[in-house]
Amino acid sequence: MAHSARRPETFRPARAVARKALSCLAAGIVLMTVSACAGRSDLGFASLMSEVPAARAIVVPPPGGPSVVAVLQQQYQDGLSQEIALSTASLTTGQNAFYVSLLNNTAGNMEVPNSLTLPSMTPDRLQREMEERMPGVEMETSLVYVQNRFGPFGFATGRSSTGDLCLYAWQQIEPGEPAIFVPGGAISVRLRLCDADASVDQLLRVFYGYTIAAYYRQESWNPYGDPPSPPQHLGEKDAPMYPLGLGDSEGRATVARRRNNIESTRQVTTSVRAPRRTIDKDTIAPAIQSPAAPPEPAVPSGYPIVPPPPVQ
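About the cut-offs
- Residues numbered from 1 in each chain as written.
- Predicted model: local features only at pLDDT ≥ 70, side-chain atom pairs only at ≥ 80, totals over all residues.
- Heavy atoms only, no water.
- Salt bridge = Lys/Arg side-chain N within 4 Å of Asp/Glu carboxyl O.
- Helix = DSSP H or I, 4+ residues; strand = E, 2+ residues; numbered from the N terminus.
- Buried < 20%, exposed > 50% of the residue type's maximum accessible area, 1.4 Å probe, protein only.
- Contact = heavy atoms within 4.5 Å.
- 1 Å grid on protein atoms, 1.4 Å probe; cavity = no way out; pocket = protein on both sides within 12 Å on 5 of 7 lines; lining within 4 Å.
- Points joined across faces, edges and corners; volume = space filled by probe spheres on them.
- Phe/Tyr/Trp six-rings, centres within 6.5 Å; stacked < 30°, edge-to-face > 60°.
- Lys NZ or Arg CZ within 6 Å of the ring centre and 35° of its normal.
- Disulfide = S-S within 2.5 Å.
- Arc of directions from axis to C-beta.
- Core = buried A, V, L, I, M, F, W, Y, C linked by side-chain atoms within 4.5 Å.
- Pairing = 2+ DSSP bridges.

Student: Looking at this model, I keep getting lost on the pattern of salt bridges. Mind explaining?
Tutor: Side chains bearing opposite charge may pair, as long as their charged atoms lie close to each other. Under the counting rule described, the total for this entry stands at 2 salt bridges. Between Arg 133 and Glu 129 there is a salt bridge, with the nearest N and O atoms lying 4.0 Å from each other. Of this pair, Arg 133 and Glu 129 both sit in helix H2 (residues 123–133), 4 residues apart, which is roughly one turn of the helix. The exposure class of Glu 129 is buried, given its relative accessible area of 13%. Its salt-bridge partner being Arg 190, residue Glu 129 comes within 2.9 Å of it at the nearest N-O pair. One end of the pair, Glu 129, is in helix H2; the other, Arg 190, is in strand S10 (residues 186–195), with 61 residues separating them in the sequence.

Student: What is the right way to read the side chain of Ser 81 from this model?
Tutor: Within the secondary structure, Ser 81 sits in strand S4 (residues 79–86). Residue classification places Ser 81 among the buried positions, given a relative accessible area of 12%. Apart from the residues lying within four places of it in its own chain, the contact partners of Ser 81 are Leu 72, Gln 73, Gln 74, Tyr 76, Val 100 and Ser 101.

Student: Mind showing me how you'd approach helix H3 (residues 200–209) here?
Tutor: An α-helical turn contains 3.6 residues, so any two residues separated by three or four positions project in the same direction. Buried residues dominate H3, accounting for 7 of its 10 residues. Residues Val 200, Leu 203, Leu 204, Val 206, Phe 207, Tyr 208 and Gly 209 constitute the buried set of H3. Looking at the packing, one finds that the buried side of H3 touches strand S5 (97–103), strand S7 (146–148), strand S8 (151–159), strand S9 (165–173), S10 and strand S11 (211–212).

Student: Explain the layout of surface pockets here, please?
Tutor: Empty space within the largest pocket amounts to approximately 420 Å³. In terms of lining residues, the largest pocket is bounded by 21 residues, among which Ser 81, Tyr 99, Ser 101, Glu 129 and Arg 133 are the most central. For the lining of the largest pocket, the secondary-structure elements that each account for two or more residues are strand S3 (68–76), S4, S5, H2 and S10. A total of 4 residues in the lining of the largest pocket trace back to one element, the largest contributor, which is H2.

Student: Explanation requested: the packing of aromatic side chains in the structure shown.
Tutor: In this description, an aromatic ring pair is defined by two values, namely the gap between the centres and the angle between the planes. In total, this model carries 10 aromatic pairs according to the counting rule given. Ring pairing ties together the aromatic residues Phe 98, Phe 150, Phe 153, Phe 155, Phe 207, Tyr 208, Tyr 210, Tyr 216, Trp 221 and Tyr 224, which thus form one cluster. One Lys or Arg, Arg 133, reaches over the ring of Tyr 99 and ends 3.6 Å from the middle of that ring.

Student: Hey, could you run me through the state of the cysteines in this one?
Tutor: Scanning the model with the defined rule gives 1 disulfide in all. Linked covalently through their sulfurs, Cys 166 and Cys 194 form a disulfide whose S-S length is 2.2 Å. Its S-S torsion of approximately 115° makes the covalent link between Cys 166 and Cys 194 right-handed. Residue Cys 166 is located in strand S9, and its partner Cys 194 is located in strand S10; the two are separated by 28 residues in the primary sequence. When its relative accessible area of 0% is taken as the criterion, Cys 166 is described as buried.

Student: Please explain H2 as it appears in this structure.
Tutor: Residues Leu 126, Glu 129 and Met 130 constitute the buried set of H2. For H2, the angular spread of buried residues about the axis comes to 95°, placing them on one side. Away from the buried face of H2 by more than 90 degrees, exposed residues Asp 124 and Glu 132 are located. Tucked into the core, H2 has its buried residues touching S8, S9 and S10.

Student: Looking at this structure, I do not really get the nonpolar core. What am I missing?
Tutor: Across soluble globular proteins, you tend to see nonpolar side chains buried next to one another. Core analysis: the largest hydrophobic core is formed by 33 residues, its most contacted members being Ile 84, Phe 98, Val 100, Ile 187, Leu 191, Phe 207 and Tyr 210. Going through the elements one at a time, S4, S5, S8, S9, S10 and H3 are the ones with two or more residues in this core. With 6 residues, the top contributor of residues to this core is H3. Those residues in contact with Tyr 210, other than ones at most four positions away along the chain, are Val 59, Val 60, Pro 62, Phe 98, Asn 148, Arg 149, Phe 150, Gln 171, Ile 173 and Val 189. The next biggest cluster of nonpolar side chains, apart from the first, holds 10 residues, and it includes Leu 126, Ala 156, Cys 166 and Trp 170.

Student: Would you take a moment to explain the pairing of S5 for this structure?
Tutor: Working note: regular strand, side chains alternate between the two faces of the sheet. For S5, the tally of buried residues reaches 7 of 7 residues, placing the bulk of the element in the interior. Burial of the side chains of S5 extends over both faces: Ala 97, Tyr 99, Ser 101 and Leu 103 are buried on one face and Phe 98, Val 100 and Leu 102 on the other. In terms of strand pairing, S4 meets S5 through 7 bridges, oriented antiparallel. Along S5, the bridge assignment pairs Leu 80 with Leu 102. Of the pairings in the sheet, the one linking S5 to S10 comprises 7 bridges and is antiparallel in character. Residue pairing across strands places Tyr 99 opposite Arg 190, the latter belonging to S10.

Next up, the structure:
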């Protein structure tokens, strides 16, 4: 009995060693976890803007226009916006770019965070945009009515202190009739373009020829409205249509004018003849040159005549 009473006392040092080992192991695990958490670094960004490939640009410049060099995109709950940077050949401060917003729902809730809204294009707001994107350039809004394939748009021109010609154009594409139950969406486009050698017509061609390459895959999304009806005389008899450059909407009037011009030119050339003179065989008469007609100014077809920018 005495031997059996002393047996528990012989195992007390072993139990103490096991408890101490378990405590050290738990402390090591806790220290390793804390050190791992302290060593991990998650980088955060204050801006929601991210860069996407140039092939995912909403707006594509026309062929021969400035190339796309970068696309910055910001996603919203009801749409997205992009800043499409273009190649720049000027000394004016700033970057040539398209500023595009694609709205999926025109009846979005203003109280929803991270929602996209398209403000109205008031003169004050457009002036602030031009001052922000083209600082120091005096811009003059054009009063000429212009429109491209998406409808009417406005623009302003100006010349910077370095002599570059600058253009700022704006357009908002949305259905003509507002939809109450199923909004059709909207597209807002801005163009900031400065060039050292281009004219106003050349800068405007970029806004005339751009293409919208993105859309929402929803049946209700249609900011363009109903497609236009075909021409009135399409498919009818006695209504010839000529290729581009050979006739206007009437066709025959253009051809008649050209024939009249040719006939008048022939009459002028036949009526202007050198007077007959008796020339001695030892003298040489100078050659008489017919009066040359002044060259007609080349007017680009399909585009309105734009007034020149203000000269500073």
